[in-house]
Amino acid sequence: MSLNQRSDIHSAMTSKNQETFDRALQRIPWATQTNAKRHDADGVTRRPPFIERAKGCRMWDLDDKEYIDFRAALGPITLGYQHPEVDEAVRKQMERGTLFSMSSPLEYEAAESLLNTLGWADKIRFMKTGADVNACCLRLARSFTGRDHLLTSGYHGYQDWFTLGWANPGIPESLNQYVHSIDYADFEAIERVFDENGHELAAVVVVPVEWWREPSKEYLQVLRQKCDEYGSLLIFDEVLTGFRLANGGAQEFFEVTPDLAGYAKGIANGYPLSAFAGKAEFMDTLDRTTITTTYAGETLSLAAAIKVMEILNREPVIEHIFDMGNRLRIGFDSIFKEAGFPAETVGLAPAITIRFEDEIDLHSPLRARLFDHLYDRGIFANKEWLISYAHQPSDIDETLEKMRESVKRTL
Ligand SMILES: Cc1ncc(COP(=O)(O)O)c(C=O)c1O
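Residues numbered from 1 in each chain as written. Predicted model: local features only at pLDDT ≥ 70, side-chain atom pairs only at ≥ 80, totals over all residues.

Draft legend 1. Quick peek at the sheet that holds strand β5 (residues 149-153). If you walk across this open sheet you meet the seven strands as β4-β10-β9-β8-β7-β5-β6, and the pairing is mixed. Each edge of the open sheet is held by one strand with a lone partner, namely β4 (123-127) and β6 (179-181). The average undirected angle you get between the axes of adjacent strands in this sheet is 20°. Pairing geometry for strand β8 (residues 233-238) and strand β9 (residues 260-263), over four bridges, is parallel. From the neighbouring strand, Glu238 faces β9, where its bridge partner is Tyr263. Helix α3 (residues 106-118) contacts β4 and β10 (274-278) of the sheet and is inclined by roughly 120° relative to β4. (Pairing = 2+ DSSP bridges. Helix = DSSP H or I, 4+ residues; strand = E, 2+ residues; numbered from the N terminus. Axes fitted to C-alpha atoms, helices over the stretch in contact; angles between N-to-C directions. Contact = placed C-beta atoms within 7 Å.)

Draft legend 2. Up close: the site of the ligand. Taken together, 13 residues lie around the ligand, and Thr129, Gly130, Ala131, Gly157 and Val239 are the ones closest in. The element best represented in the shell around the ligand is helix α4 (residues 130-145), accounting for three residues. (Near = placed C-beta within 6 Å.)

Draft legend 3. Expanded view of the environment of Ala54. Mapping Ala54 onto the fold places it in strand β1 (residues 51-55). The spatial distance from the C-alpha of Ala54 to the C-alpha of Ile68 is 9.7 Å, given a sequence separation of 14 residues. Ignoring any residue separated from it by four or fewer positions in sequence, one finds Ala54 in contact with Met59, Asp69 and Tyr81.

Draft legend 4. View of helix α5 (residues 187-197). Where α5 is concerned, the buried positions are Ile190, Val193 and Phe194. Buried residues in α5, looked at end-on, bunch into an arc of 95°, giving them a common side. Turned more than 90 degrees off the buried face of α5, the exposed positions are Glu188, Asp195 and Glu196. On its buried face, α5 sits against β5, β6 and α6 (217-230). (Buried ≥ 20, exposed ≤ 12 C-beta atoms within 10 Å, placed from the backbone. Arc of directions from axis to C-beta.)

Draft legend 5. Structural detail: the domain arrangement of the protein chain. You can read the domains of the protein chain as domain 1 (14-74 + 316-410) and domain 2 (84-314). Taking the mean C-alpha position of each, domain 1 and domain 2 sit 27 Å from one another. Secondary structure elements with two or more residues in the side of domain 1 that touches domain 2: α10 (317-339) and β12 (351-356). Taken together, the residues that form the side of domain 1 that touches domain 2 break down as nine nonpolar, two polar and three charged. (Domains from an automatic or database assignment. Nonpolar A, V, L, I, M, F, W, Y, C, P; charged D, E, K, R; others polar.)

Draft legend 6. Just the sheet that holds β1, in detail. The strand order β1-β2-β3-β13 describes an open sheet built from four strands, whose pairing is mixed. Strands at the two margins of the open sheet, each flanked by one partner only, are β1 and β13 (379-380). Note that β1 and strand β2 (residues 58-61) share four bridges and pair antiparallel. The residue bridging Lys55 from the neighbouring strand is Arg58, located in β2.

Draft legend 7. How the structure looks around unusual backbone geometry. The phi angle at Ala73 is positive, at roughly 55°, despite the residue not being glycine. Looking at where Ala73 falls in the secondary structure, it is placed in the loop between β3 (66-69) and α2 (84-94). At Gln82, a position not held by glycine, the phi torsion is positive, near 55°. Considering the arrangement of structural elements, one finds Gln82 in the loop between β3 and α2.

Now the structure itself:
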């Protein structure tokens, strides 16, 4: 039975949640806008379907139940919910207006502060979503090279160019011929795709990190070298890694420079803004192809982004995120070991993942049971444990205590 037909999602749902959920299902397919927020996304049954408010690293559901949040609204919240300085910048801008009949000077101010923070790109344009900016980078690459094919790895958004491999009626079958998908750090597949289609590849579009895999700098270096050899553009999807792994994102962290990159989640602490950036010769392809949209110059998000960049450059945000992530990781691993729990942490500190021994494609009955116990105890996480600047050592220690109890109950 599909989620759209189900109202009795789980027996533990309170009447307030159930009633709101039933109403939402009548009017909103999935009862949400975001696949990952679907209530039955991963077999977990105790996750509340709605969150009413959030502050710092805490949030509250419709029953006022409090959670320590490790989901960061799926990534954008790097400084903590309702960061006072960011919200104040937005309030000030609201008094001047949100969108104008011509560009706002905030566009170049935000452009300068993002480019200065990133440190590698010459030019930048704004959009609204992660899917937008990846599509824009691909458009520029195709326009620049005059080629159609792409090699890709990782999730890049819902758009047609990328979701071809999925069971997704509605996407023309003919587009398939252009897309060559590989797994993260699959070196043999890289060789094969370049051998067979290297001279037709407009671009390689990859996520620099898959959070449930150990990161591979060599993977990015090999892609850089292959792109140079075949005249393809290297595009990093930095939607989640940007402003989280380092101020300059994965390209700074791994010291591999792409030709173009898409950013979104870390830019404006939850205000809707994304950006694509790159070397001038590639960005200037915008003189030949048209990328245009009405809302990308919306000023509230730009004001938020300028403030976020100021804070990133002023305070040890990334260092703190790594410290808290490592504290969590070391704590989890020692809890699992002590209890003989068949799981371990993987990935980088800003977004560790727990890997379960019985897991297939990130699905495991043990994972669902453990997470149900965690939700019951007020710990809100998903596959990646996303840390923000608002998490303090005491929040991490409280989480470890609750993980210890949850592991005991799961076994
Ligand atoms: C790496 C990556 N790329 C692209 C996207 C798509 O971003 P959006 O949902 O804003 O379109 C996501 C979203 O989860 C992402 O994590």
